[in-house]
Amino acid sequence: MLVYYREAAPEIYDAITLLCQKAKFSPRIVDTPRSWQSLLTMVEAEEGIALIPHCVQYLRSNDIVFRRLRESACHVDALIVWRSKGLTRVQQSFLDLIRSRRTEFQKHINKT
């Protein structure tokens, strides 16, 4: 199994290993690449399989198969970040949207 470099994303690494524990197996981790593209390249080169965040699939190649796990199987907290020295209009609009829908997001989080 290939797992993304823990020091770069400990939440993802830990969520993947916890998911394996819940499935009652201990993964044999053969490598921990330091970029998502490298991880996918290694999968394509048949060096292993990987569990990845949904968004990484957009880096795909035609030689890789992506399959979604059951919706409730694994959740990783997401954070919104931005530069502290001022916001562009687009960034401000995005933050306004997120803030205006905070209640909806919270309801979804509490369901899972």
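Above this text is the structure in question.
This report concerns the structure included in the present document. All values derive from a computational prediction rather than experimental measurement.

### A closer look at the packing of aromatic side chains
In the structure shown here, the tally under the stated rule is one aromatic pair. Between Tyr4 and Trp36, the ring centres sit 4.0 Å apart and the planes meet at 10 degrees, which makes this aromatic pair stacked. Linking Tyr4 in the segment before helix H1 (10-22) with Trp36 in helix H2 (residues 36-44), this pair joins segments that are 32 residues apart in sequence. On the basis of relative accessible area, Tyr4 is assigned to the buried category, the value being 11%.

### Looking at H1
Counted at 1.5 Å a residue, the expected span for H1 with its 13 residues is 18 Å, and the 18 Å between its end C-alpha atoms agrees. All buried positions along H1 are accounted for by Ile12, Tyr13, Ala15, Ile16, Leu19 and Cys20. Projected onto a plane normal to the axis of H1, the buried residues spread over an arc of 165 degrees and lie on a single side. Exposed side chains of H1 directed beyond 90 degrees from the buried face belong to Glu11, Gln21 and Lys22.

### A word on the nonpolar core
Among the nonpolar cores identified, the biggest contains 16 residues, and Trp36, Leu39 and Leu40 are the most heavily contacted of them. Of all the elements in the fold, those that place two or more residues in this core are H1 and H2. Setting aside residues up to four positions removed in sequence, Leu40 forms contacts with Ile52, Val56, Leu59, Arg60, Ile64 and Phe66.

### Comments concerning the pattern of salt bridges
Applying the stated criterion to the full structure yields one salt bridge. Residues Arg6 and Asp14 are paired through a salt bridge, measuring 2.7 Å at the closest nitrogen-oxygen approach. For Arg6, a relative accessible area of 34% gives the class partly exposed.

Calculation rules
- Residues numbered from 1 in each chain as written.
- Predicted model: local features only at pLDDT ≥ 70, side-chain atom pairs only at ≥ 80, totals over all residues.
- Heavy atoms only, no water.
- Phe/Tyr/Trp six-rings, centres within 6.5 Å; stacked < 30°, edge-to-face > 60°.
- Helix = DSSP H or I, 4+ residues; strand = E, 2+ residues; numbered from the N terminus.
- Buried < 20%, exposed > 50% of the residue type's maximum accessible area, 1.4 Å probe, protein only.
- Expected span 1.5 Å × (residues − 1).
- Arc of directions from axis to C-beta.
- Core = buried A, V, L, I, M, F, W, Y, C linked by side-chain atoms within 4.5 Å.
- Contact = heavy atoms within 4.5 Å.
- Salt bridge = Lys/Arg side-chain N within 4 Å of Asp/Glu carboxyl O.

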